[in-house]
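Inside the fold
If you want the building blocks of each chain, they are given just below.
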Amino acid sequence: MVNSAFTAWCVPCLASNETLQEICRKESLICKCIGINKKNLNNYEVEYLCDRKMVKLKIHIKSVGHSAADFLVKKAKQRIALKRWEEELNRKKSHNGMLYVENNVDLEGTPRDFFYINDYKTTPGVITLGEAIVGCECTDCFTGTCCPIEAGVVFAYNEQQQIRIQPGRPIYECNSRCKCGPDCPNRVVQKGPPYSLCIFRTDDGRGWGVKTLQKIKKHSFVMEYVGECDPNLQVYNVFIDNLDVRLPRIALFSTRSIKAGEELTFDYQMK
């Protein structure tokens with residue numbers, strides 16, 4: 001019989017089965033609930049293969065010291081933490097591309113003091129209108145008197161939505177007041193990054209970097225810089241809803257064709 005005066009409850013374990021299995025093997029404990037028995041107690045997961053060679057050799061588990069076991073446990077915990085952070089980033093994003101996290105260098109966990117945001121945050125004392133006052137009436141922004149023309153500048157993109165103006169020239173995109181729809185060729189930066197990107201741990205002591213997981217064509221929009229070499233990205237000032245020339249959005253466009261897996265970089269000493 002179950003006493004109805006009490007409610008059954010449980011606390012979920014924050015460790016995965018993989019982590020618990022590693023701990024059991026380290027302490028030589030058998031636990032049928034997570035699949036550890038006498039037969040597989042001494043079976044260890046291979047973290048990675050640094051080389052392959054077929055040899056006739058018997059390896060005793062006692063030869064694997066506590067330091068190796070500790071490393072495996074820490075690596076498993078790191079993978080869990082980075083995976084959770086990756087899932088959090090993708091829940092917050094508002095663009096089509098996926099975000100991945102990778103650390104094949106050390107045991108460093110998620111980056112400290114890093115907060116993912118989708119839009120700009122102004123500092124105290126800075127006031128923005130937040131919404132455009134006027135928009136274009138175009139049915140075809142390539143041929144009509146569109147926002148760039150009204151602002152006294154040239155149209156920034158070609159028909160493939162690649163940047164065609166020189167660095168230093170501003171980009172005026174169509175805004176929330178414009179009559180054109182979401183497929184307007186003058187709406188590029190506001191749609192967000194179109195590529196899947198990976199935040200990865202660099203192997204030369206620079207900390208964390210970003211690389212693309214897809215090939216990027218020359219002069220294509222890659223991402224916005226919303227922070228508070230040989231560069232493959234160029235910085236452009238973009239105006240969409242806010243037309244205050246003192247408060248541009250900062251967009252990064254490719255300066256050349258970029259291969260999948262290549263790190264994304266830009267010159268901090270931008271003009």
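In this text, all values refer to a predicted model and were calculated from it rather than measured experimentally. (Residues numbered from 1 in each chain as written. Predicted model: local features only at pLDDT ≥ 70, side-chain atom pairs only at ≥ 80, totals over all residues. Heavy atoms only, no water.)

1. Here's the deal with the UniProt feature "binding site: Zn(2+) 4" (unreviewed entry) in the protein chain
Here the UniProt feature "binding site: Zn(2+) 4" (unreviewed entry) sits at Cys229. Mapped onto the secondary structure, cysteine 229 falls in the loop between β5 (221-225) and β6 (233-239). On the basis of relative accessibility, which here comes to 81%, the residue cysteine 229 falls in the exposed class. Contact partners of cysteine 229, with chain neighbours within four places excluded, come to Thr265 and Phe266. (UniProt positions renumbered as here; feature names shortened; annotations may be inferred. Helix = DSSP H or I, 4+ residues; strand = E, 2+ residues; numbered from the N terminus. Buried < 20%, exposed > 50% of the residue type's maximum accessible area, 1.4 Å probe, protein only. Contact = heavy atoms within 4.5 Å.)

2. Observations concerning the sheet that holds β6
Across the sheet, 4 strands lie side by side as β2-β6-β7-β5; this open sheet has mixed pairing. Because the sheet does not close on itself, it has two edges, and the strands there are β2 (171-172) and β5. Here 4 bridges tie β5 to strand β7 (residues 249-254), and the two strands are oriented antiparallel to one another. By the bridge assignment for β7, tyrosine 225 is matched with isoleucine 250. (Pairing = 2+ DSSP bridges.)

3. Examining the pattern of salt bridges
Under the defined criterion, the tally for this structure stands at 8 salt bridges. For glutamate 224, the salt bridge goes to arginine 249, with nearest N and O atoms at 2.7 Å. Overall, glutamate 224 belongs to the buried group, its relative accessible area being 17%. Owing to a relative accessible area of 22%, arginine 249 belongs among the partly exposed residues under this scheme. For arginine 256, the salt bridge identified is with glutamate 262, shortest N-O distance 2.7 Å. (Salt bridge = Lys/Arg side-chain N within 4 Å of Asp/Glu carboxyl O.)

4. A word on a nonpolar patch on the surface
On the surface, a nonpolar cluster with roughly 230 Å² of combined accessible area is contributed by Met98, Tyr100 and Leu213. Among the secondary structure elements, leucine 213 is positioned in the loop between β4 (208-212) and β5. Its relative accessible area of 37% is what places leucine 213 among the partly exposed residues. (Patch = residues over 30% accessible without salt bridge, like charges linked within 9 Å, V, L, I, M, F, W, Y side chains within 5 Å. Areas by Shrake-Rupley, 256 points an atom, 1.4 Å probe, with all protein chains shown as cover.)

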